[in-house]
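Here is how the chains run, residue by residue.
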Amino acid sequence: MSRLLFNNGRVVHAYGIRRENILIDGEKIVTVGESVNANPADRIIDCTGKLIFPGIIDAHTHMGIPIKGGWSADDFASGSRVALHGGVTTIIDFTILEQGQSLRDSIVARRQRAERSLCDVHLHCNFTRYADELLSEIPEIIKDGITSFKVFTTYKEAGMMLPYEEIRDVARILANYGGLLMVHAEDNGSIESASQPLIRAGQTKPEYHGLSRPDTAEAKAVEQIGNIADETGVTAYIVHLSSKAGLEAGMTYKNLILETCPQYLFLTDATYQREDGRMFVASPPLRSSRDNQALFEAVLDGRIAVIGTDHCPFNLKDKPVNIPFQDIPNGMGGVETLFPVMLAHILEKDLDLSILTRTMCTNPAKIFGLYPQKGQIAEDADADMVIVDPEKITTNWVSDFLDSGRWTAFGEFPALFPEKVYRRGQLMVETGTFSSHARGRFIKAGKHTLINI
Ligand code: URP
Ligand code: ZN
Ligand code: ZN
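Here is what the cut-offs are and how they apply
Residues numbered from 1 in each chain as written. Chains lettered and ligands numbered in written order. Predicted model: local features only at pLDDT ≥ 70, side-chain atom pairs only at ≥ 80, totals over all residues. Heavy atoms only, no water. Pairing = 2+ DSSP bridges. Helix = DSSP H or I, 4+ residues; strand = E, 2+ residues; numbered from the N terminus. Near = heavy atom within 4 Å. Polar contact = N/O pair within 3.5 Å; in protein donor to acceptor, adjacent residues only side chain to side chain. Areas by Shrake-Rupley, 256 points an atom, 1.4 Å probe, with all protein chains shown as cover. Donors = N, O, S within 2.8 Å, 3.2 Å for Na, K, Ca; no water. Tetrahedral: all angles 85-135°; square planar, octahedral: opposite > 155°, others 65-115°. Buried < 20%, exposed > 50% of the residue type's maximum accessible area, 1.4 Å probe, protein only.

Colleague: Tell me about the pairing of strand β3 (residues 28–33), and please be specific about residues and values.
Modeller: The pairing of strand β2 (residues 16–25) with β3 spans five bridges and is classified as antiparallel. Pairing of asparagine 21 across the sheet is with glycine 33, part of β3. Between β2 and β3, which pair antiparallel one after the other, the connecting turn spans two residues, and glycine 26 there sits at a positive phi close to 60°.

Structure follows, in structure tokens:
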């Protein structure tokens, strides 16, 4: 690696776009500005006509996790490859807390798996079992650089749910030590009430998945978590918000940060009627175009702070045809298409490109304590950069998917894949071809910076 000067690109910052030159040295950005001197550079890369974004951070991935007797289709090696293809240079995944395991051991085990990642990696700590000894580990784990702890208000049958009273105890400790409470918010009681009559009546085709997990379940859990956040002073981050009802509930609380995903912005429950409808089964379910629209407006005006993917892919063979919705492994992939699909949409609608940098770079970096190292193109930040040619939107990209067995929910959408992806100064991908297979690094969190939402 050497000193590289990226000349004359349009740099998309969180606060606006500027025509700037970027000088990097090895892994770091040295200077960004209108008149960076070309002399000290070993090479000049002409970026005229190109857009340059900070490396995308996907704050919500599940690489290789067990679900309903199977495994999500990507491990850290394959998932990080497709991530980089789509401009994602940092992923934030989750630990898996096994029976009898300490939080610390769950982190060690997951970090070992994550060593195969080509992206840089950070982890959220899953808190899926309530025990005093686990609670007492939280302060040290925060000190050691993992600050976000994830709880579930559902998935009781999988042994992952914590009742609200227990979540309140976790929240109190997190509030004391500066941790963040992350929540999969769907109220389990509401889901049981909606799903049991359907199952008893044999209404178990994929289209009933949506009815089995209504938006009221999301809104109720968001309210409960909002109350816990108010009472304890913790900041709570609601993952994969899917509904207008959930959004409206979230807006009545001040300590909540909201995340959504492209599937909740662009796809509706009509997809469950398709021949491959089972492939769209994820929790929470896809909803109506009215929900899509409400969430998109909230992305545009900043009420939703982060767009992640909940990347949890399955291939066609992993979700057998004709099994009841409640047995379908839930989840879908998205890390490869996150940026290309969002970017094409924002360009086609002539919307503000900085929204992408805010929701997929700067905000997640700040919220999860990776800022200022990640999430921005600025002096001293890591040289994670995505260069795109805005003229290259295509609808004919599925055949370019790196892994041909891969199923995607977004195959019919316009997309704009990056021309070059740099991870800490290393050119990783150029027009879809890998230039390097250098592994990523585990990035510890510092203090999270609360953003103005
Ligand atoms: O259905 C989903 N979302 N699967 C992944 C696990 C989760 O709930 O995030
Ligand atoms: Zn979830
Ligand atoms: Zn998830």
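Next comes the rest of the description.
Colleague: Break down the site of ligand 1 for me, with residues and values.
Modeller: The full set of residues close to ligand 1 is His60, His62, Tyr155, His184, His240, Ala282, Ser283, Asp310, Cys312, Asn330 and Gly331. One nitrogen or oxygen atom from the side chain of tyrosine 155 is found 2.6 Å from an oxygen atom belonging to ligand 1. At 3.4 Å from an oxygen atom of ligand 1 is found a main-chain nitrogen or oxygen belonging to glycine 331. In isolation ligand 1 has 260 Å² of accessible area, and contact with the protein removes 98% of it.

Colleague: I'd like a description of the coordination of the zinc ion (ligand 3), backed by residues and values.
Modeller: Coordination of the zinc ion (ligand 3) by the protein involves His60 (NE2), His62 (NE2) and Asp310 (OD), with metal-donor separations of 2.0 to 2.1 Å. If you look at the zinc ion (ligand 3), its four donor atoms make angles of 89 to 145° with each other, and the shape they trace is irregular. All donors to the zinc ion (ligand 3) come from one chain, and their sequence spacing reads H-x1-H-x247-D. Distance-wise, the zinc ion (ligand 2) is placed 3.6 Å from the zinc ion (ligand 3). In this pair, histidine 62 sits in the loop between β6 (56–58) and β7 (66–67) while aspartate 310 sits in the loop between β15 (306–307) and α12 (338–348), placing the two residues 248 residues apart along the sequence. The burial state of histidine 62 is the same as that of aspartate 310; both residues are buried.

Colleague: Help me get a handle on the coordination of the zinc ion (ligand 2), residues and values and all.
Modeller: On the protein side, the zinc ion (ligand 2) has His184 (ND1) and His240 (NE2) as donor atoms, found 2.1 Å from it. In this structure, the zinc ion (ligand 2) is coordinated by four donor atoms arranged in irregular fashion, with angles at the metal of 56 to 150°.

Geometric descriptors of this kind do not, in isolation, establish any biological role.
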